[in-house]
Amino acid sequence: MEFFCYHRDRLDSATLRQELIEEHWSYMDGYAEQMIARGPTLADDGSPIGSVHILSLPDPAAARAFAFDEPNYQAGAYRDVMLRRWRNMLGRTMWDFPGGRTGGNRYLVLGLGPAQSAGPVLPQRQDELIAYGPLLSDDGARWLGTAVLAADRYAGVEVHNWVFGGRPA
């Protein structure tokens, strides 16, 4: 099963997050094989305001453990967590993204859907999409919206600047 996890920072939590950076990365290292995409969302000034992780885990209980055992969450750095089932409609990871890790702007786009909808349709132009898939109800049966990690192409809905994450090289 695939899951979309978005931890949003509490105001003025940057110092706490910086203190916990090694604990955060060590925690994420334990999930490296399951990661589809990861990285911080950024304010207009480039400062972190959240953290996105899209990963494959065995079940919802494992996803909840991932989201709520994370060191920054445990320390109170996050104001909330969006955790949703997700489906990898592109079938690739951010490391497979043909646009590469650098160059151009990147965005997290969250489009939350109406109560009744058939769900997302994969766009014809996929070369600017890093990750794309539906946000689903806990049982995976209902479409609730769409999460997209995209290059310069999208603006609107709920849009956050995003960059590839992980330990610095």
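Here the structure is a predicted model, which is why all the values come from computation and not from measurement.

1. Brief notes about the confidence of the model for the chain
Inference 1: Considering every residue of the chain, the mean pLDDT works out to 84; 80% of them sit at 70 or more.
Inference 2: When pLDDT is averaged over each helix and strand of the chain, the minimum, 64, is found for strand E8 (residues 158-162) and the maximum, 97, for helix H3 (residues 60-69).
Inference 3: Within the model, the stretch residues 152-156 combines pLDDT values under 50 with 12 contacts to residues more than four positions away or in other chains.

2. Here's the deal with the nonpolar core
Inference 1: Phe4, Ile54, Trp86 and Leu110 are the most contacted members of the largest nonpolar core, which totals 17 residues.
Inference 2: When residues of this core are traced back to their parent elements, those giving at least two are strand E1 (2-9), strand E2 (35-42), strand E3 (48-56), strand E4 (78-86), strand E5 (107-112), strand E6 (129-136) and strand E7 (143-150).
Inference 3: Sort the elements by how many residues they give to this core and E6 lands first, with three residues.
Inference 4: Beyond its immediate sequence surroundings of up to four residues, tryptophan 86 is in contact with Glu2, Phe3, Phe4, Ile36, Ile54, Ala131, Tyr132, Gly133, Pro134, Leu135, Leu136 and Ala147.
Inference 5: Formed by 12 residues, the second largest nonpolar core is a distinct cluster that contains Cys5, Tyr27, Tyr31 and Ala67.

3. A closer look at the pattern of salt bridges
Inference 1: Inspection of the entire model under this criterion finds three salt bridges.
Inference 2: Residue aspartate 80 is joined to arginine 8 by a salt bridge in which the shortest nitrogen-to-oxygen separation is 3.0 Å. Of the two residues, aspartate 80 sits in strand E4 while arginine 8 sits in strand E1, which places them 72 residues apart along the sequence.
Inference 3: A relative accessible area of 25% places aspartate 80 in the partly exposed class.
Inference 4: Across the pair aspartate 80 and arginine 79 runs a salt bridge whose closest N-O atoms are separated by 3.3 Å.

Rules used throughout
- Residues numbered from 1 in each chain as written.
- Predicted model: local features only at pLDDT ≥ 70, side-chain atom pairs only at ≥ 80, totals over all residues.
- Heavy atoms only, no water.
- pLDDT = per-residue confidence, 0-100.
- Helix = DSSP H or I, 4+ residues; strand = E, 2+ residues; numbered from the N terminus.
- Contact = heavy atoms within 4.5 Å.
- Core = buried A, V, L, I, M, F, W, Y, C linked by side-chain atoms within 4.5 Å.
- Buried < 20%, exposed > 50% of the residue type's maximum accessible area, 1.4 Å probe, protein only.
- Salt bridge = Lys/Arg side-chain N within 4 Å of Asp/Glu carboxyl O.

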